[in-house]
Amino acid sequence: MAIIGFIPVRIGSKGIPKKNIRNFCGKPLVCWTIEALLESDLDKVVVATDSNEINDLIKDYPIEIFNRSEANATDESTTESVMLEYIKYSTTHISDKIVLAQATNPFITKKDVNAIIDAVKKGYSTLTVVPVERFLWDNQGHSINYAPNSRPRRQDVSQNRTENGALYANSIQNIVNSRCRIENRPYLVEMPVYSLHEIDTEDDWDICELLFKKHMMHRKKIKMFITDVDGVLTDGGMYYGANGDALKKFNAKDGMGFGLLKEADINTAIITGEVHKSVLARANKLGIVWVVRGVKDKLAKAIELASHYDVSLSEIAYIGDDINDMDLLRQVGYSACPSDAIDEVKDIVDYVCQRKGGEGCVREFIDKCLRN
């Protein structure tokens, strides 16, 4: 008996064009689901696609790619039809189990998948749910789970469970016989409440990115740390000597932080619009090899840097403080700014430091990265 992870994706989408391969928190949306399944105890992972563009994107993962038919890749196609198509043309056995994973729910973890696997091994069909503390009514105006004349506190209302559209599992035999992904009275595996959100619209996308960064992203290992200079490593001031030489003030605590990153085997870099020679001098002192000055498009340079070190943007932490940092801050896995950054930056980062630029904010963010 094999337990197979199955991810159906297609290139077409009405709500969000090409959403399955759109960049979500640093990598294509479908990649988060693939990686969660690969970390689990599944015997293999299958991605059913209708697109060479998707195939090219995921071909380096140790997965099986199944090319679903055009008939099973329309807006009207059901997930069950794709599963049955795979079962028909694959070498699966009737005793095998399938764990269906939906890429539109990016909150799936190894723990969730393994809980599903444990249940389906025991003979259950199973699905993931989240608890809801809500007062429910049917479309005829009848209360479902409480008496209106003795209204309880919300936290005391009878808890129901709702599907979050993340994971389902069943045996191949049951799927073939019933043409359904689950059976009656399935085993329920609970996931966190924030995982209730699925991505179907642009609003869903924005909400899920915020929730993902808050609850999920910090679990990922940071492999590279990048910082801006002016207003971050420095206080943003310009100091002039008696001869008119421009000087910058750096903080020793930040320097110690870069030593800690090196001990943790995390690559470091500086990307800055500044061209002052003191930046190179400070970088040399700290042992930072990659220093890029005079940069206008910081995101493009970070992508180049990530490719060089074979890391994804989701594995990068970046701290910046001004408008020219915002594109990069939005895309990296973990973002921060000093306490005196502009408000527009504070609104989009994952972490606002307690310290100001040049006063140890970089060390503060480094410590937070290392704790995570």
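Since the model is a prediction, treat every value here as computed from it, not as a measurement. (Residues numbered from 1 in each chain as written. Predicted model: local features only at pLDDT ≥ 70, side-chain atom pairs only at ≥ 80, totals over all residues. Heavy atoms only, no water.)

### Observations concerning unusual backbone geometry
- For Lys18, which is not glycine, the phi torsion reads 55° and is therefore positive.
- Position of Lys18 relative to the elements: it lies in the loop between strand S1 (3-8) and strand S2 (23-24).
- By relative accessible area, Lys18 is classed as partly exposed at 39%. (Helix = DSSP H or I, 4+ residues; strand = E, 2+ residues; numbered from the N terminus. Buried < 20%, exposed > 50% of the residue type's maximum accessible area, 1.4 Å probe, protein only.)

### Considerations on the sheet that holds strand S16 (residues 334-337)
- Strand order in the open sheet formed by 6 strands is S14-S13-S10-S15-S16-S17, and the pairing between neighbours is parallel. The sheet is open, and its two edges are formed by strand S14 (290-292) and strand S17 (351-352), each paired on a single side.
- Pairing of strand S13 (residues 267-271) with S14 involves 3 bridges; the strand directions are parallel. When the sheet's bridge partners are listed, Ile270 is paired in S14 with Val291. (Pairing = 2+ DSSP bridges.)

### Side note on the pattern of salt bridges
- Under the criterion given, the structure shown has 16 salt bridges.
- The partner of Lys18 in a salt bridge is Glu53, and the shortest N-O contact between them spans 3.1 Å. Of this pair, Lys18 sits in the loop between S1 and S2 while Glu53 is found in helix H2 (residues 52-58), placing the two residues 35 residues apart along the sequence.
- Connected through shared salt-bridge partners, Asp228, Lys298 and Asp325 make up one network. (Salt bridge = Lys/Arg side-chain N within 4 Å of Asp/Glu carboxyl O.)

### Quick word on the environment of Lys27
- If you trace the backbone, Lys27 turns up in strand S3 (residues 27-28).
- Considered as a pair, Lys27 and Gly231 are 204 residues apart in the sequence and their alpha carbons are 29 Å apart.
- Sequence-distant contacts of Lys27, defined by excluding residues within four places in its chain, comprise Arg22, Trp32, Glu35, Ser312 and Ser314. (Contact = heavy atoms within 4.5 Å.)

### Overview of the sheet that holds strand S7 (residues 126-132)
- If you walk across this open sheet you meet the 7 strands as S5-S4-S1-S6-S8-S7-S9, and the pairing is mixed. One side of each edge strand has no neighbouring strand; the edge strands of this open sheet are strand S5 (64-67) and strand S9 (187-190). Each neighbouring strand pair of the sheet contributes to a mean axis angle of 30°, computed without reference to strand direction.
- In this sheet, strand S6 (residues 97-101) lies alongside S1 in parallel orientation, the contact comprising 4 bridges. (Axes fitted to C-alpha atoms, helices over the stretch in contact; angles between N-to-C directions.)

### A few points about the packing of aromatic side chains
- Counting across every chain of the model gives 12 aromatic pairs.
- Taken together, the aromatic side chains of Phe24, Trp32, Phe107, Tyr194, Trp205 and Phe212 make up a single cluster linked through ring pairs.
- Here the guanidinium or amino end of Lys27 rests over the ring plane of Trp32, the centre of that ring lying 4.3 Å away. (Phe/Tyr/Trp six-rings, centres within 6.5 Å; stacked < 30°, edge-to-face > 60°. Lys NZ or Arg CZ within 6 Å of the ring centre and 35° of its normal.)

### What about a negative patch on the surface?
- Taken together, the side chains of Asp322, Asp343, Glu344 and Asp347 make up a negatively charged region of the molecular surface.
- With respect to the helices and strands, Asp347 occurs in the loop between helix H11 (343-346) and S17.
- Given a relative accessible area of 65%, Asp347 falls into the exposed group. (Patch = residues over 30% accessible without salt bridge, like charges linked within 9 Å, V, L, I, M, F, W, Y side chains within 5 Å. Areas by Shrake-Rupley, 256 points an atom, 1.4 Å probe, with all protein chains shown as cover. Lys, Arg positive; Asp, Glu negative; His and termini not counted. Charge placed at Lys NZ, Arg CZ, Asp CG, Glu CD.)

### Digging into the side chain of Asn105
- Here Asn105 shows up in the loop between S6 and helix H4 (110-121).
- With near-sequence residues (within four places) excluded, Asn105 lies in contact with Thr33, Asn164, Gly165, Ala166, Ser195, His197 and Glu198.

### A look at the pairing of S1
- The element S1 is largely enclosed, with a buried count of 6 among its 6 residues.
- Every second residue of S1 is oriented toward a common face, with Ile3, Gly5 and Ile7 on one face and Ile4, Phe6 and Pro8 on the other, all of them buried.
- Direction of pairing for S1 relative to strand S4 (residues 44-49): parallel, over a ladder of 5 bridges. Its bridge partner being in S4, Gly5 is matched across the sheet by Val45.

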